[in-house]
Amino acid sequence: MFQIDAMSRTPVYEQIVAQAEKLISAGLLRPGDQLPSVRSLSIKLSVNPNTIQRAYGTLDTMGLIVSVPGKGCFVSDSASVAVISRNKKRLTELSSLAAELCSAGVSAESIISAVEDGIKTGTERKENL
């Protein structure tokens, strides 16, 4: 379910958070699904349990998971809504970035081409999940 890239400059806990978001977006993690325990995931990924706990804490703060004492962590009922809301904010950021690029002299065709390439890559990644 989760994989880390030890060579990445992205911290491990951020990789886990990003992967959880993607799995929720793709519908592979649904409301009520249980996440692996901190201990089992730390063993599987060969990382410190505190790193997993930090990732789960971040996911909890984002509203994507809920922790049930003694039972584990579960995908929240509002996880999909939270991910969609976050993605809408990112779309606004994309619009602002496009405006900045246009102001800096980058052609509209180049920006559109880059966005289309991103869509193609994202579609391919989603199919591989």
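Cut-offs applied
Residues numbered from 1 in each chain as written. Predicted model: local features only at pLDDT ≥ 70, side-chain atom pairs only at ≥ 80, totals over all residues. Heavy atoms only, no water. Core = buried A, V, L, I, M, F, W, Y, C linked by side-chain atoms within 4.5 Å. Buried < 20%, exposed > 50% of the residue type's maximum accessible area, 1.4 Å probe, protein only. Helix = DSSP H or I, 4+ residues; strand = E, 2+ residues; numbered from the N terminus. Contact = heavy atoms within 4.5 Å. Patch = residues over 30% accessible without salt bridge, like charges linked within 9 Å, V, L, I, M, F, W, Y side chains within 5 Å. Areas by Shrake-Rupley, 256 points an atom, 1.4 Å probe, with all protein chains shown as cover. Salt bridge = Lys/Arg side-chain N within 4 Å of Asp/Glu carboxyl O. Pairing = 2+ DSSP bridges.

A. Local environment of the nonpolar core. Among the nonpolar cores identified, the biggest contains 23 residues, and I52, Y56 and L59 are the most heavily contacted of them. Mapped onto this core, the elements with two or more residues apiece are α1 (12-25), α2 (38-45), α3 (49-61), β2 (72-75) and α4 (79-103). Setting aside anything within four residues of it in sequence, one finds Y56 in contact with L35, P36, V38, L41, I65 and C73.

B. Structural view of a nonpolar patch on the surface. A cluster of nonpolar side chains, namely L91, L94, L97, L101, V106, V115 and I119, defines an oily patch on the protein surface of about 550 Å² accessible area. Those elements that place two or more of their residues in the nonpolar patch are α4 and α5 (108-128). If one sorts the elements of the nonpolar patch by residue count, α4 sits on top with 4 residues. Tracing the backbone shows L94 in helix α4.

C. Structural detail: the pairing of strand β1 (residues 65-68). Where β1 and β2 come together, 4 bridges link them in antiparallel fashion. Paired with V66 across the strands is F74, a residue of β2. The loop that links β1 with its antiparallel partner β2 comprises 3 residues; one of these, G70, has a positive phi angle of about 80 degrees.

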